[in-house]
Amino acid sequence: MAQGALAFSARSRFAQAALVNGTIGVIMAPRGRLFGVGVLTIHGDRILEMELVADPDRLRRLELAVLED
């Protein structure tokens, strides 16, 4: 788990807010290539949980929509 979090943090400059299956999340796509997705569980103004997804099969099954600034 910690290794996955470190890999995601190294690519954080490529992070963009997105809807992931209709829920707020973060996508990382260096040079336009999807590397990973963080799916957030939010309650009030706090992030309670973040699921990191990098498995190519799982990434293909996600419905993603990048949120504009």
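About the criteria used
- Residues numbered from 1 in each chain as written.
- Predicted model: local features only at pLDDT ≥ 70, side-chain atom pairs only at ≥ 80, totals over all residues.
- Heavy atoms only, no water.
- Core = buried A, V, L, I, M, F, W, Y, C linked by side-chain atoms within 4.5 Å.
- Buried < 20%, exposed > 50% of the residue type's maximum accessible area, 1.4 Å probe, protein only.
- Helix = DSSP H or I, 4+ residues; strand = E, 2+ residues; numbered from the N terminus.
- Contact = heavy atoms within 4.5 Å.
- Salt bridge = Lys/Arg side-chain N within 4 Å of Asp/Glu carboxyl O.

**Student:** Lay out the nonpolar core in plain terms, naming residues and giving numbers.
**Tutor:** Ala18, Val20, Ile27, Val37, Val39, Val53, Leu59 and Leu62 form the largest nonpolar core, which has 8 residues in total. Among the secondary structure elements, those contributing two or more residues to this core are β1 (15-20) and β3 (36-43). If we ignore the near neighbours within four places in the chain, the residues touching Leu62 are Val20, Asn21, Val37 and Val53.

**Student:** So what's going on with the pattern of salt bridges? Residues and values would help.
**Tutor:** For the coordinates displayed, the defined rule picks out 2 salt bridges. Here Asp57 ties to Arg60 by a salt bridge, and the two come within 2.3 Å at their closest N and O atoms. With a gap of 3 residues between them, Asp57 and Arg60 both fall in helix α2 (residues 56-61), about one helical turn apart. Under the relative-accessibility criterion, Asp57 is labelled partly exposed at 42%. Arg60 gets classed as exposed once you look at its relative accessible area, which sits at 61%.

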